[in-house]
Amino acid sequence: MRAALARWALAVLLLSLGGVLLASTGAGAQEDTPPEGPLLVGHVFDRQNQPVVEARVSVRGSSQGQDEVLAETYTQADGRFVLPVPTNPHGMLTVDIERAHFTSQRLLLSSGALENLRADRPVVLPDFILERKIGPAFWIAAFIFVLMLVLIATSLLHNTLAALVGAALIFAVSYLATPLQADLFIFDFAGAMRYVDWNVIFLIMGMMIVIAVVERTGIFQWLAFMAYRVSGGRAWLLLPILMVITGVASAFLDNVTTMLLMTPITVQIALGLGINPLALLIPEV
């Protein structure tokens, strides 16, 4: 009864996660409203020529005798931004690029660019190259990372728990210390989610479920027995056989999937021969 309830709970969880992902994908697929007015177009990169995501791009100008932000937007995943400018701008305009952990930049629009904007023609700006800024947030993040590695290496905490402690410290500094000093911001939860590859996570989770079900059929034990019988128990012959099987399988399957399939077989063989499983797993990898 409990096993059946657990399977139903897992199925509901997977369906819920799938619904959330489909909803987010559908929301992102909706067409945006075309911007009105003349446009400023450009790209923002770092020194490694990598796009800078979510950099704040704003246009400043004089309005009623005061310098204020007339329009703003944020860079996309490829570093590109499209910024609509108020129609018929008056006076000088400047473009400000701001991003946490980077040095801000300001560009004064030329008279030719202003004429194009007043004529309702788009203006393509030169690429912005932002310099990375090493501040307190960098050193705090580096300290937390080293601390997490020490906890894992010394086995003071389980690997998963050590990683969760490191992530919790990062978020604690970003959310609690930032109001006191802006330079302590590392990244927020939304920024952290961009670093998660959901394809890999769901692939590994799905393969673990499949392997757990297939393992009950005894196929891994049978493959281990066949490999052992072909090699005659000789480790020097068994190792090339396992490497060939891994190489052929990786030509048709993903590398992670291949190792998830080969690891149970290899462990069974190594335990049967009384050798360290790493002696067989490392060459397979």
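For the structure itself, look to the data block above.
Summarised in this report is the structure supplied together with it.

1. Concerning the side chain of Thr 94
Inference 1: Relative to the helices and strands, Thr 94 is located in strand E5 (residues 94-98).
Inference 2: For Thr 94, a relative accessible area of 15% corresponds to the buried category.
Inference 3: Setting aside anything within four residues of it in sequence, one finds Thr 94 in contact with Ser 58, Val 59, Arg 60, Arg 106, Leu 107 and Leu 108.

2. Focus: the pattern of salt bridges
Inference 1: Taken as a whole, this structure holds eight salt bridges when the rule is applied.
Inference 2: Between Glu 54 and Arg 194 there is a salt bridge, with the nearest N and O atoms lying 3.2 Å from each other. With Glu 54 in the loop between strand E1 (39-46) and strand E2 (56-63) and Arg 194 in the loop between helix H5 (189-193) and helix H6 (198-215), this pair connects stretches of sequence that are 140 residues apart.
Inference 3: Among the residues examined, Glu 54 registers a relative accessible area of 44% and is labelled partly exposed.
Inference 4: Members of the salt-bridge network, linked through shared partners, are Arg 56, Glu 72 and Glu 98.

3. Focus: the packing of helix H3 (residues 136-153) against helix H4 (residues 159-177)
Inference 1: Between H3 and H4, whose axes approach to 9 Å, the crossing angle comes to 165 degrees. Considering the angle they form, H3 stands roughly antiparallel to H4. The two elements H3 and H4 meet at a crossing, and its hand is right-handed. Contact residues: Ile 140, Ala 141, Ile 144, Leu 147, Met 148, Leu 151 and Ile 152 in H3; Asn 159, Ala 162, Ala 163, Gly 166, Leu 169, Ile 170 and Val 173 in H4.
Inference 2: Counted by class, the contact of H3 with H4 contains twelve nonpolar, two polar and no charged residues.

4. Overview of the pairing of E1
Inference 1: Here E1 lies mainly inside the structure; six of its eight residues are buried.
Inference 2: Bridging between E1 and strand E7 (residues 123-124) involves two bridges; their strand directions are parallel. Bridge assignment links Leu 40 to a residue of E7, and that residue is Val 123.
Inference 3: Across three bridges, E1 lies against strand E8 (residues 128-130) in parallel orientation. Following the sheet pairing, Phe 45 is matched in E8 by Ile 129.

5. Examining the nonpolar core
Inference 1: Of all hydrophobic cores here, the largest spans 22 residues; its most connected members are Leu 40, Val 95, Ile 97, Leu 109 and Leu 125.
Inference 2: It is helix H2 (residues 111-118) that provides the largest number of residues to this core, a total of three residues.
Inference 3: Sequence-distant contacts of Val 95, defined by excluding residues within four places in its chain, comprise Leu 40, Val 57, Ser 58, Val 59, Gln 105, Arg 106, Leu 107, Leu 109, Leu 125 and Phe 128.
Inference 4: Membership of the second largest hydrophobic core comes to eight residues, among which are Ala 227, Ile 265, Ile 269 and Ala 270.

6. Considerations on the side chain of Thr 266
Inference 1: For Thr 266, the position within the fold is in helix H9 (residues 255-273).
Inference 2: Classification of Thr 266 by relative accessible area gives buried; the value is 0%.
Inference 3: In terms of polar contacts, Thr 266 uses its side chain to reach the side chain of Glu 284, at 2.7 Å.

7. Here we look at the environment of Pro 86
Inference 1: Relative to the elements of secondary structure, Pro 86 occurs in the loop between strand E4 (80-84) and E5.
Inference 2: As a C-alpha pair, Pro 86 and Leu 70 span 16 residues in sequence and 7.1 Å in three-dimensional space.
Inference 3: The contacts of Pro 86, once residues within four sequence positions are left out, are Pro 38, Leu 70 and Ala 71.

So, how was this worked out
- Residues numbered from 1 in each chain as written.
- Predicted model: local features only at pLDDT ≥ 70, side-chain atom pairs only at ≥ 80, totals over all residues.
- Heavy atoms only, no water.
- Helix = DSSP H or I, 4+ residues; strand = E, 2+ residues; numbered from the N terminus.
- Buried < 20%, exposed > 50% of the residue type's maximum accessible area, 1.4 Å probe, protein only.
- Contact = heavy atoms within 4.5 Å.
- Salt bridge = Lys/Arg side-chain N within 4 Å of Asp/Glu carboxyl O.
- Axes fitted to C-alpha atoms, helices over the stretch in contact; angles between N-to-C directions.
- Parallel < 35°, antiparallel > 145°, perpendicular 65-115°, else oblique.
- Left-handed = near helix turned anticlockwise from the far one by under 90°.
- Nonpolar A, V, L, I, M, F, W, Y, C, P; charged D, E, K, R; others polar.
- Pairing = 2+ DSSP bridges.
- Core = buried A, V, L, I, M, F, W, Y, C linked by side-chain atoms within 4.5 Å.
- Polar contact = N/O pair within 3.5 Å; in protein donor to acceptor, adjacent residues only side chain to side chain.

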